[in-house]
Amino acid sequence: MTPTVLFMAAEGKPDPWRDAFLAQMPGVDFRVWNPDPEKDQTGDKSEIDYAIVWKPAAGVLASLPNLKAVFSMGAGVDHLFGDPELPKDVPLVRLVDRCLTQGMSEYVIYWVIHYHRKMGVYAKFRADNVWKRMRQADAEQRRVGILGLGELGGDAATKLVPLHYQVAGWSRSKKEIPGVESFHGEDQLIPFLNRTEILVCLLPLTPDTTGIINKDTLAALPEGAFIINCARGGHVVDDDLLAALDSGHIEGATLDVFHTEPLPADHPYWSHPKVTITPHMASLTVPNSSTEWYVKNIERMERGEAPLNTVDRGTRY
Ligand code: NDP
Ligand code: OXD
């Protein structure tokens, strides 16, 4: 028996995922949920084995009586916990996708180098037709710090090491990543921030990490530090970041994620000269490679094995 998969992503176009599934799991019954009953292909709800979801509508997962697992279409699973009826006994599986990991490391490295080499300042010189050089900093003296050393933060940290930056990371548990200084637990957050000149956020959004970039943690960074937030908007207290940018304590921020997306047209970030905005594209879910992950896990489950990278409902990641 080939499984029945329900694709539920209001914003995502299902065709590339259907094609990838049919290529990688021939015979799969691939159905697409739609809020419009005329377009909805769910059919008999009792036939759905697996749901592939991004921001599922509340209550829909609970209406599937024989669901075996919920696969997040993103590495983050905070979007799942918005559903008050999220089924309790079904495993929730995070996405671990080689393209997602690669894309995020590219984004992090790009912006670290941007700040390290003062590319934003050179862009301003260019705009004013100014030919001017600034003293070049030494990567070996540049301290980069990554909040979150999981699949994404761990990969970015590992890839920054051969570029000779001084790399550190902060996580709940201690890590042993060659060349990366590991800070862990609440007690080591401030010492980690004290040594960090370019701060990258790659934490999951959970009750423990919401608002973690706030006036106190920003104040713990050295004068002139930079922020790169490519995790979730909820990690940042916007007013605190804006105040730190205005005071000059924080020199620049690259923000990919926001409390409200798309970022509202009147948000002060849009007009702030020290803020760079990208539209939640630090790394996107690639249909072909993410389907490799879903198929691998579905095959495991069909053999009676547990899926990989399930979410701990206590910590919410
Ligand atoms: P992982 O679950 O693999 O890693 C999470 C890391 O955060 C772990 O190192 C974990 O510590 C650490 N962590 C979690 N809670 C705490 C805490 N309270 N204190 C200290 N450390 C903590 O997640 P991923 O790396 O796969 O993804 C990270 C996030 O990136 C996603 O949740 C998502 O929000 C974001 N993302 C953004 C994208 C974008 O385009 N902007 C794309 C993809 C993801 P430990 O290892 O000890 O458990
Ligand atoms: C993710 C995302 O969590 O795209 O994967 O933000």
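Keep in mind that this is a model prediction, so the values were computed, not measured.

Another point: the packing of helix 1 (residues 15–24) against helix 9 (residues 287–302). Interaxial distance between helix 1 and helix 9 falls to 9 Å at its minimum, and their mutual angle equals 50 degrees. Considering the angle they form, helix 1 stands oblique to helix 9. Of the two elements, helix 1 crosses helix 9, and the hand of that crossing is right-handed. Here Pro 16, Trp 17, Ala 20, Phe 21 and Gln 24 of helix 1 come into contact with helix 9, specifically with Pro 287, Asn 288, Ser 290, Thr 291, Glu 292, Tyr 294, Val 295 and Ile 298. Taken together, the residues of the contact of helix 1 with helix 9 sort by class into eight nonpolar, four polar and one charged.

Here the focus is the site of ligand 2. For ligand 2, the full set of nearby residues is Trp 54, Gly 74, Ala 75, Gly 76, Leu 100, Arg 232, His 280 and Ser 283. A distance of 2.8 Å separates an oxygen atom of ligand 2 from a polar atom in the backbone of Gly 76. Between ligand 2 and Arg 232 there is a distance of 2.7 Å, counted from an oxygen atom to a side-chain nitrogen or oxygen. Taken by itself ligand 2 offers 210 Å² of open surface, and the protein chains cover 86% of this. Here the shell around ligand 2 is composed, by residue class, of three nonpolar, four polar and one charged.

Right, let's get into the site of ligand 1. In the vicinity of ligand 1 lie 28 residues, with Leu 152, Ser 173, Lys 175, Asp 256 and Tyr 317 positioned nearest. Residue Leu 149 places a main-chain N or O atom 3.0 Å away from an oxygen atom belonging to ligand 1. About the coverage of ligand 1: the protein hides 92% of its 940 Å² of free accessible area. Among the residues making up the shell around ligand 1, the classes are represented as 13 nonpolar, eight polar and seven charged.

An α-helix turns once every 3.6 residues. As a result, residues three or four positions apart point the same way. Within the sequence span of helix 7 (residues 238–247), burial applies to Asp 238, Asp 240, Leu 241, Leu 242, Ala 244 and Leu 245. Contacts from the buried residues of helix 7 go to helix 6 (215–220), strand 10 (225–229), strand 11 (250–255), helix 8 (268–271) and strand 12 (275–277). Just past helix 7, the residue Gly 248 takes up positive phi, approximately 90 degrees.

Here we take up the domain arrangement of the chain. Domain parsing of the chain yields domain 1 (4–97 + 285–302) and domain 2 (98–277). The C-alpha centroid of domain 2 is placed 32 Å from the C-alpha centroid of domain 1. The interface is formed by twelve residues belonging to domain 1 together with eight residues belonging to domain 2. Of the roughly 850 Å² buried between domain 1 and domain 2, counting both surfaces, carbon and sulfur atoms make up 52%. Among the residues domain 1 hides against domain 2, the three largest losses belong to Asp 78, Val 96 and Asp 97. Together they make up 50% of the total. There are two salt bridges connecting domain 1 and domain 2. Across the contact surface, domain 1 and domain 2 share five residue pairs in polar contact (both at pLDDT 80 or more). Residues belonging to the side of domain 1 that touches domain 2 are distributed by class as follows: five nonpolar, three polar and four charged.

The strand order 2-1-3-4-5 describes an open sheet built from five strands, whose pairing is parallel. Looking at strand neighbours, the two that pair on one side only are strand 2 (29–32) and strand 5 (92–93), the edges of this open sheet. Running at roughly 170 degrees to strand 2, helix 1 makes contact with strand 1 (4–9), strand 2 and strand 3 (50–54) of the sheet. Relative to strand 4 (residues 69–72), helix 9 is tilted by about 165 degrees, and along the sheet it contacts strand 1, strand 3, strand 4 and strand 5.

Cut-offs and rules
- Throughout, residues of each chain are indexed from 1 in the direction in which the sequence is written.
- Written order decides the labels, with chains lettered from A and ligands numbered from 1.
- In keeping with the predicted nature of the model, local features appear solely for residues at pLDDT of at least 70, side-chain atom pairs appear and are counted solely at 80 or more, and the whole-chain, interface and lining totals rest on all residues.
- The side-chain values count all of the structure's non-hydrogen atoms but skip hydrogen atoms and water molecules.
- Axis lines are fitted to C-alpha atoms, over the contacting stretch for helices. Their N-to-C directions set the angle, which ranges from 0 to 180 degrees.
- Numbering goes from the N terminus for both helices and strands, where a helix is a DSSP run of H or I of at least four residues and a strand is a run of E of at least two.
- Throughout, the term roughly parallel applies to angles under 35 degrees, roughly antiparallel to angles over 145, roughly perpendicular to angles from 65 to 115, and oblique to all others.
- Crossings are classed by handedness, with left-handed meaning an anticlockwise turn of the near helix from the far one by less than a right angle and right-handed meaning a clockwise turn.
- Whether two residues are in contact is decided by their heavy atoms, any of which lying within 4.5 Å being enough.
- Classification used: nonpolar for Ala, Val, Leu, Ile, Met, Phe, Trp, Tyr, Cys and Pro, charged for Asp, Glu, Lys and Arg, polar for all others including Gly.
- Being near a molecule or strand, for a residue, means having at least one of its heavy atoms within 4 Å of it.
- Nitrogen and oxygen atoms within 3.5 Å of one another constitute a polar contact, given that in protein one can donate a hydrogen and the other can accept it, and given that sequence-neighbouring residues count only through two side-chain atoms.
- The method behind every accessible area is Shrake-Rupley, applied with a 1.4 Å probe, and residues are considered shielded solely by the protein chains displayed.
- Relative accessibility decides the category of a residue: with a 1.4 Å probe and only protein chains considered, values under 20% of the type maximum give buried, values over 50% give exposed, and everything between is partly exposed.
- Here the bounds of each domain stem from an automatic or database domain assignment.
- When two components associate, each loses some accessible surface as probed by a 1.4 Å sphere; the sum of these losses over both components is called the buried area.
- In the sections that follow, a salt bridge refers to a side-chain nitrogen of Lys or Arg positioned within 4 Å of a carboxyl oxygen of Asp or Glu.
- In this scheme, strands are said to pair when DSSP sees at least two bridges between them.

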